[in-house]
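Architecture at a glance
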Amino acid sequence: MSRGIRDAVAVVAMGCTRFGERWESSTDDLLIEAVGECMGDSRKLEFADVEAFWLGTLASGQSGMTLSRPLGIDYRPVTRVENYCATGSEAFRNACYAVASGAYDTVMAVGVEKLKDSGFSGLLRGDPPADQTASEVSFTAPAAFSLLDPAYCARYGVSAEEMRAAMSHVAWKNHVNGARNPKAQFRSEVSVEKIEAAPKVAGRLGVFDCSGVSDGAACAVIVRAKDAHRYTDHPMYVKGLSLAAGPAQGAADPVYDFTTFPEVVRSAHDAYAQAGVTDPRGEFSFAEVHDCFTPTEIVLMEDLGFADRGQAYKDVLTGEFDADGVLPVNIDGGLKSFGHPVGASGLRMLYECWLQFSGRAGDRQIGDPKLALTHNLGGRPGGCVSFVSVVGSTLG
């Protein structure tokens, strides 16, 4: 467990592009768009005030010059980071720790990805050479995550029909939420009948069980918590940040059964300890989680402590995680509605928290939220990295 930086730093401005098939926009354009909104989101904040930058991108640029060139950054440090699908969150985590350490007063975390221009229908990535004994087995992400479905059914005695209904509800819910978000890639509600009739991609995963491929960027400015009200009337305070990288032995481990992500469990426990969270389901106002595939969200509800083991599918079906449920999950539409431009997704989740805390979430605003969670995972079942943040609207 880490000691954390609870209430040491705060977010005072954020920006996010519209996600989607941004054929008309280059990586440079997306960065300028997100940073432009961010700088206009705060009083008394000038671009020259930003002393250092962290850029997250999987494959849309090399080195800090990916950011410094389009923004005309004047010889400031720009650190480019990558950590699979937690890349944007990793940029945020490093930027927060830089301020908490006292090295800088004002920093920016940025995430960007241009995936559509690759011409591929999924993530474009190249794995380094390996001996194929662990998680480097060569099959697609949909195929890997499709294993969660039958594994969950086998362990908890869930029928295929019940699990199918729960997976469909996740997709239906997140598309309903995304239909109310002007920055989402997909802004139409999708019926359960259409979800279940969609062509299959892998195993029982259909098209609507899989997140889309999109372009996008998002960013945040972080300062010391004691300075936050100089820039905004509604700071977002960082309560806990945790990243866990697993040993990636799941594919070769006969004990691993594809019904949990141990990395998620570890990172959640760490973040909760930092933030003082003891009742995740009861204390969080809402959560943004990594719904790359519908069974992933179901398993995450248990790994994050939102549901008891073997019960998440029931809670999903009874609407516990709907917009009007006990704990709204992916109120902005999630990866299902936004797609997943790898470097931007983690910061996009934090952007929704920023809007909700400041009362600017429009039709999807949920009362008076106080505490929220964001979660990313990168990799696949049996070998992944997991990030969890806890953020809040007030100090203490």
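Residues numbered from 1 in each chain as written. Predicted model: local features only at pLDDT ≥ 70, side-chain atom pairs only at ≥ 80, totals over all residues. Heavy atoms only, no water.

As recorded in an unreviewed UniProt entry, the protein chain goes by the name Acetyl-CoA acetyltransferase, listed as coming from Gordonia oryzae.

1. Focus on the sheet that holds strand S9 (residues 286-288)
In space, the nine strands of this open sheet follow the order S3-S2-S4-S7-S1-S8-S11-S10-S9, with mixed pairing throughout. The open sheet has two edge strands, strand S3 (78-81) and S9, and neither has a second partner. Looking at each pair of strands side by side, their axes are set apart by 25° on average, direction ignored. Note: strand S1 (residues 9-16) against strand S8 (residues 236-245), two bridges, orientation antiparallel. (Pairing = 2+ DSSP bridges. Helix = DSSP H or I, 4+ residues; strand = E, 2+ residues; numbered from the N terminus. Axes fitted to C-alpha atoms, helices over the stretch in contact; angles between N-to-C directions.)

2. Focus on the pairing of strand S7 (residues 216-224)
Across the nine residues that make up S7, a large majority, eight, are buried. Across seven bridges, S1 lies against S7 in antiparallel orientation. Bridged to Val11 within S7 is Ile222. As paired strands, strand S4 (residues 106-113) and S7 are joined by eight bridges and run antiparallel to one another. Considered in S7, the bridge of Gly111 is made with Ala218. (Buried < 20%, exposed > 50% of the residue type's maximum accessible area, 1.4 Å probe, protein only.)

3. Examining the pattern of salt bridges
Scanning the model with the defined rule gives 27 salt bridges in all. Here Arg224 and Asp227 are joined by a salt bridge, their closest N and O atoms 3.0 Å apart. With relative accessibility at 29%, the residue Arg224 sits in the partly exposed group. A salt bridge links Asp368 to Lys370, with the nearest nitrogen and oxygen atoms 3.1 Å apart. (Salt bridge = Lys/Arg side-chain N within 4 Å of Asp/Glu carboxyl O.)

4. Topic: the domain arrangement of the protein chain
For the protein chain, the domain assignment lists domain 1 (9-117 + 215-233) and domain 2 (141-206 + 237-392). Between the C-alpha centres of domain 1 and domain 2 the distance comes to 24 Å. Taken residue by residue, the interface counts 45 residues in domain 1 and 29 residues in domain 2. Both sides of the domain 1 and domain 2 interface together cover about 2900 Å² of buried area, and 70% of this is carbon and sulfur. Among the residues of domain 1 in contact with domain 2, Met14, Phe19 and Cys85 are the three that bury the most area, contributing 24% of the side total. Here domain 1 and domain 2 share two salt bridges between them. Summed over the shared surface of domain 1 and domain 2, the number is 11 residue pairs in polar contact (both at pLDDT 80 or more). Listed by contribution, the elements that provide at least two residues to the side of domain 1 that touches domain 2 are S1, helix H3 (87-100), S4 and S7. Residues belonging to the side of domain 1 that touches domain 2 are distributed by class as follows: 24 nonpolar, 13 polar and eight charged. (Domains from an automatic or database assignment. Contact = heavy atoms within 4.5 Å. Buried area = accessible area lost by both parts, 1.4 Å probe. Polar contact = N/O pair within 3.5 Å; in protein donor to acceptor, adjacent residues only side chain to side chain. Nonpolar A, V, L, I, M, F, W, Y, C, P; charged D, E, K, R; others polar.)

5. Details of the packing of aromatic side chains
Using the criterion set out here, one finds 11 aromatic pairs in the structure. Arranged with centres 6.2 Å apart and planes meeting at 35°, the rings of Phe145 and Phe261 form a pair that is tilted. With Phe145 in helix H4 (residues 141-146) and Phe261 in the loop between S8 and helix H8 (262-275), this pair connects stretches of sequence that are 116 residues apart. The exposure classification of Phe145 matches that of Phe261, with both residues buried. (Phe/Tyr/Trp six-rings, centres within 6.5 Å; stacked < 30°, edge-to-face > 60°.)

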